[in-house]
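# Structural overview for review
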Amino acid sequence: MKQIPLALGPEPHYSFDNLLPGANEAALAHLLSLRPGEPPVFLWGRAGCGKTHVLRALAQSWQAAGAQVGWYDAETPLPWELPAHPSLLLLDDCDRFDPGQQHAAFTLFVEAATLGLAVVSTGVAPPIDLELREDLRTRLGWGPTYALQPLPEGEMRAALRREADRRGIVLSDEVMDYVLSRFARDLKHLMGLLDRLDEFALANKRAVTVPLLRQMLLDQGS
């Protein structure tokens, strides 16, 4: 009989300290220097390139300094309202907003401009190429736009190794090679796979090995 592990593992930690910049140094440097009232910033790139991680790191940084942050994505239920004393507005995965959320995002943009907030948004393509209402697309593209690039293999390995170490997982080169040769090199997906593997290893009281990974994939049908 398998044990179901308790949720005792470390929660994901999002910060600029554990972000490997790769080819995204200019975008990260701009975000680190961002102040209220500056033109809005838009980050775009394919799924898994780190857009949400960057936004969460930015939110954590501003909150640590005592600022209030408004975060809205396709899973945020309507109505959308800013915090009482916001300094930063974050809109994640704008390409996934439905018509009601697009209207809400436009309204938040107008409020942010009135209040002098910093605004950072993300999507899978530049604002001009997103299928959004025109007034929202225009505002998303007002300021600097950065294309986030996926990490090269060396930095992807380093990111996975660092997260495994943080969790107390011994991730051998054999396991790393197996993962990177058989799965899409999408860091978000690979981090999710590592999370599942950690839970599966705890439930089975076994070390993380290639045979264990194969068993997990067979048992979970993936």
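As a reminder, the structure under discussion sits directly above these lines.
Below: a short report on this structure. Keep in mind that this is a model prediction, so the values were computed, not measured.

Looking now at the overall build of the protein chain. Looking only at helices and strands, the protein chain features eight helices and five strands. Each helix and strand of the protein chain, ordered N terminal to C terminal, gives the series α-β-α-β-β-α-β-α-β-α-α-α-α. Per-residue burial for the protein chain yields a buried fraction of 45% across its 222 residues. Counted over contacts in the protein chain with a minimum sequence separation of 6, partners at least 24 positions apart contribute 66%. Entry remark: accessible area of the protein chain is about 11,600 Å², with carbon and sulfur atoms responsible for 55%.

Here we come to the side chain of Asp198. Turning to its location among the elements, Asp198 is positioned in helix 7 (residues 187-204). The class for Asp198 is buried, based on a relative accessible area of 10%. Within the structure, Asp198 has its side chain in polar contact with the side chain of Arg167 (distance 3.1 Å). If sequence neighbours within four positions are ignored, Asp198 has contacts with Arg167 and Ile169.

A word on the packing of helix 7 against helix 8 (residues 210-220). For the pair helix 7 and helix 8, interaxial distance at closest approach is 10 Å and the crossing angle is 100 degrees. Judged by the inter-axis angle, helix 7 sits roughly perpendicular to helix 8. Of helix 8, the residues touching helix 7 (which contributes Leu193, Arg196, Leu197, Phe200, Ala201 and Asn204) are Leu212, Leu213, Gln215, Met216, Leu217, Asp219 and Gln220. Grouping the constituent residues of the contact of helix 7 with helix 8 by class yields eight nonpolar, three polar and two charged.

We now examine the pattern of salt bridges. Counted according to the given criterion, the structure contains nine salt bridges. Across the salt bridge formed by Asp93 and Arg96, the nearest N and O atoms sit 3.8 Å from each other. Because the salt bridges share partners, they merge into one network encompassing Glu163, Arg167, Asp195 and Asp198.

Below, the discussion takes up the environment of His30. Mapped onto the fold, His30 is located in helix 1 (residues 25-32). The spatial distance from the C-alpha of His30 to the C-alpha of Val41 is 9.0 Å, given a sequence separation of eleven residues.

Okay, the packing of aromatic side chains next. Counting across every chain of the model gives two aromatic pairs. Here the aromatic rings of Trp80 and Phe97 are separated by 5.3 Å at their centres, their planes lie at 75 degrees, and the arrangement is edge-to-face. One end of the pair, Trp80, is in the loop between strand 2 (68-72) and strand 3 (86-91); the other, Phe97, is in the loop between strand 3 and helix 3 (99-115), and 17 residues separate them in sequence. Grouping residues by exposure puts Trp80 and Phe97 together as buried. The ring of Trp71 has Arg56 sitting right over it, with the charged end atom 4.6 Å from the ring centre.

Formed by 26 residues in total, the largest nonpolar core has its most connected members in Leu171, Val179, Leu190, Leu193, Val208, Leu213 and Met216. Contributions of two or more residues to this core are made by helix 5 (153-167), helix 6 (173-182), helix 7 and helix 8. For this core, the element with the most residues is helix 7, which contributes seven residues. For Val208, the contacting residues outside a window of four places in its chain are Ile169, Val170, Leu171, Val175, Leu197 and Ala201.

Okay, the sheet that holds strand 1 (residues 41-44) next. A sheet is described by the order of its strands in space; here five strands give the open sequence 2-3-4-1-5, paired in parallel fashion. Here the strands that pair on one side only, and so sit at the sheet edges, are strand 2 and strand 5 (145-147). Going from strand to strand, the sheet's axes swing by 15 degrees on average, the running direction of each strand aside. Sheet analysis places strand 1 next to strand 4 (residues 118-123), joined by four bridges and oriented parallel. Across the sheet, Phe42 pairs through a bridge with Ser121, a residue of strand 4. Packed on one face of the sheet, helix 2 (residues 51-64) meets strand 1, strand 2, strand 3 and strand 4 and runs near 170 degrees to strand 3. Taken strand by strand, helix 3 contacts strand 2, strand 3 and strand 4, and its axis lies near 150 degrees from that of strand 3.

Another aspect to go through is the pairing of strand 4. Across the six residues that make up strand 4, a large majority, six, are buried. Neither face of strand 4 is open: one carries Ala118, Val120 and Thr122, the other Val119, Ser121 and Gly123, and all of them are buried. The pairing of strand 3 with strand 4 spans four bridges and is classified as parallel. Of the residues in strand 4, the one forming a bridge with Leu90 is Val120. As for the winding sense of the linkage, the β-α-β connection from strand 3 through helix 3 to strand 4 is right-handed.

The rules we used
Every chain's residues receive numbers from 1 upward, in the order its sequence appears when written. In view of the model being predicted, local features appear only for residues whose pLDDT reaches at least 70, and side-chain atom pairs are presented and counted only at 80 or more, with totals across whole chains, interfaces and linings using the full set of residues. The side-chain quantities take in all heavy atoms of the structure and omit both hydrogens and water. The way it works is that DSSP assigns letters per residue, a run of H or I at least four long becomes a helix, a run of E at least two long becomes a strand, and they are numbered from the N terminus. Exposure classes here rest on a 1.4 Å probe applied to the protein chains alone. A residue is buried below 20% of its type maximum, exposed above 50%, and partly exposed in between. Contact definition: two residues touch when any of their heavy atoms are within 4.5 Å. Here the open area of atoms and residues is found with the Shrake-Rupley method and a 1.4 Å probe, where only the protein chains shown may cover a residue. The definition of a polar contact used here is a pair of N or O atoms within 3.5 Å, where within protein one atom must be able to donate a hydrogen and the other to accept one, and adjacent residues in sequence count solely through side-chain atom pairs. To get an axis, fit a line to the C-alpha atoms, keeping to the stretch in contact for a helix; angles then go from 0 to 180 degrees between the N-to-C directions. Reported orientations rely on four angle classes, namely roughly parallel under 35 degrees, roughly antiparallel over 145, roughly perpendicular from 65 to 115, and oblique for the rest. Classification convention: Asp, Glu, Lys, Arg as charged; Ala, Val, Leu, Ile, Met, Phe, Trp, Tyr, Cys, Pro as nonpolar; all other residues, Gly among them, as polar. Salt bridge, as used here: a side-chain nitrogen of Lys or Arg that lies within 4 Å of a carboxyl oxygen of Asp or Glu. What counts as a ring pair is set by centres within 6.5 Å for rings of Phe, Tyr and Trp (its six-membered ring), and what kind of pair is set by the plane angle: stacked under 30 degrees, edge-to-face over 60, tilted for all other angles. Distance and angle both matter: a charge sits over a ring if NZ of Lys or CZ of Arg is within 6 Å of the ring centre and within 35 degrees of the ring normal. By nonpolar core is meant a set of buried Ala, Val, Leu, Ile, Met, Phe, Trp, Tyr and Cys residues that side-chain atoms within 4.5 Å join together. Note on pairing: DSSP must find at least two bridges between two strands before they are called paired. Convention used here: a crossover is right-handed provided that the path from the first strand, over the helix, to the second strand proceeds clockwise when the strands point away from the viewer.

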